[in-house]
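One-letter residues, chain by chain:
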Amino acid sequence: MTIRKILKFPDQDLRIKAKPVETFDEDLKALTDDMFETMHSVNGIGLAATQIGVAKQVAVIDISPEKNEPLVIINPEIKILDPSKTADYDEGCLSVPGFFETISRPSDIKLSYQDLNGKKQEIKPEGLLTKVVQHEFDHLNGRLFVDHISELKRRRIRNKIVKQK
Ligand code: NI
């Protein structure tokens with residue numbers, strides 16, 4: 001397993017739309033192993049392949065306190081069941097380190113995806129997981145949580161990160 005480099009906002013590669021996975025093989029498994037190791041190395045709870053410069057629709061998630069409930073979601077699709085239901089979450093991102101903003105997202109959703117074997121799965125996430133799957137889904141479509149805040153705030157965050165480099 002290898003710890004990969006996580007791209008940081010405003011890296012333009014974070015804007016690339018990931019392509020669907022068609023081959024479920026050992027390479028895919030190895031990619032997710034690297035992604036889990038990379039995510040855990042920085043105490044993250046979710047990481048999308050696009051964040052390490054791999055344009056594939058793959059994300060890893062583990063929101064458990066003991067880090068022992070790994071979830072791999074491949075080719076995810078999200079359906080909003082009730083658009084009137086939303087929840088506010090404080091969000092951060094490994095690609096936007098050190099910054100947190102309150103984001104409102106749909107709270108009544110259904111997630112369809114494929115697992116590492118290519119088997120179709122469907123879950124109705126609750127609580128924190130609802131936010132994380134939408135955050136990772138955004139990544140795979142070239143979107144970041146800072147796209148949900150004002151242009152002014154986004155520019156301020158970008159300038160601070162660029163200065164840190
Ligand atoms: Ni993120």
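Residues numbered from 1 in each chain as written. Predicted model: local features only at pLDDT ≥ 70, side-chain atom pairs only at ≥ 80, totals over all residues. Heavy atoms only, no water.

**Thoughts on the pairing of strand β3 (residues 71-80)**
Moving on, step 1. By the bridge criterion, four bridges tie strand β2 (residues 58-61) to β3 in an arrangement that is antiparallel. Counterpart to Val60 in the pairing with β3 is Val72. (Pairing = 2+ DSSP bridges. Helix = DSSP H or I, 4+ residues; strand = E, 2+ residues; numbered from the N terminus.)

**Looking at the nonpolar core**
General note: in soluble globular proteins, nonpolar side chains tend to be found buried as a group.
Moving on, step 1. Leu31, Met35, Leu47, Ile52, Val58 and Val60 are the most contacted members of the largest nonpolar core, which has 16 residues in total.
Moving on, step 2. Of all the elements in the fold, those that place two or more residues in this core are α1 (26-41), β2 and β3.
Moving on, step 3. Sequence-distant contacts of Leu47, that is, excluding residues within four places in its chain, are made with Ile6, Met35, Thr38, Met39, Ile52, Val58, Ala59, Val60, Leu94 and Glu136. (Core = buried A, V, L, I, M, F, W, Y, C linked by side-chain atoms within 4.5 Å. Buried < 20%, exposed > 50% of the residue type's maximum accessible area, 1.4 Å probe, protein only. Contact = heavy atoms within 4.5 Å.)

**Points about helix α2 (residues 128-140)**
Moving on, step 1. If you check α2, its first and last C-alpha atoms are 19 Å apart, about what 13 residues at 1.5 Å a residue would give, namely 18 Å.
Moving on, step 2. By the criterion of burial, α2 is predominantly enclosed, with 11 of the 13 residues buried.
Moving on, step 3. Residues Leu129, Thr130, Lys131, Val132, Val133, Gln134, His135, Glu136, Asp138, His139 and Leu140 constitute the buried set of α2.
Moving on, step 4. Immediately beyond the C-terminal end of α2, within one or two residues, lies Gly142, with a positive phi of roughly 80 degrees. (Expected span 1.5 Å × (residues − 1).)

**Observations regarding the coordination of the nickel ion**
Metal coordination angles in their ideal form are 109.5 degrees for the four-donor tetrahedron and 90 or 180 degrees for the six-donor octahedron.
Moving on, step 1. Protein coordination at the nickel ion: the donors are Cys93 (SG), His135 (NE2) and His139 (NE2), at 2.1 to 2.3 Å from the metal.
Moving on, step 2. Of note, the nickel ion draws all its donor residues from one chain, in the sequence arrangement C-x41-H-x3-H. On the criterion of helical spacing, the pair formed by His135 and His139 is a turn pair, its members being four residues apart in helix α2.
Moving on, step 3. Residue classification places His135 among the buried residues on the basis of a relative accessible area of 8%.
Moving on, step 4. Under the relative-accessibility criterion, His139 is labelled buried at 1%. (Donors = N, O, S within 2.8 Å, 3.2 Å for Na, K, Ca; no water.)

**Thoughts on unusual backbone geometry**
Moving on, step 1. Residue Pro10 follows Phe9 across a cis peptide bond; omega there is 10 degrees.
Moving on, step 2. Structurally, Pro10 is set in the segment before α1.
Moving on, step 3. Residues other than glycine seldom take positive phi values, yet Asn43 does so here, at roughly 55 degrees.
Moving on, step 4. Asn43 gets classed as exposed once you look at its relative accessible area, which sits at 65%.
Moving on, step 5. Its identity as a non-glycine residue notwithstanding, Lys67 has a phi of 55 degrees, on the positive side.
Moving on, step 6. Here Lys67 shows up in the loop between β2 and β3.
Moving on, step 7. Overall, Lys67 belongs to the partly exposed group, its relative accessible area being 32%.

**Considerations on the environment of Leu111**
Moving on, step 1. Mapped onto the secondary structure, Leu111 falls in strand β6 (residues 109-114).
Moving on, step 2. Residue classification places Leu111 among the buried positions, given a relative accessible area of 0%.

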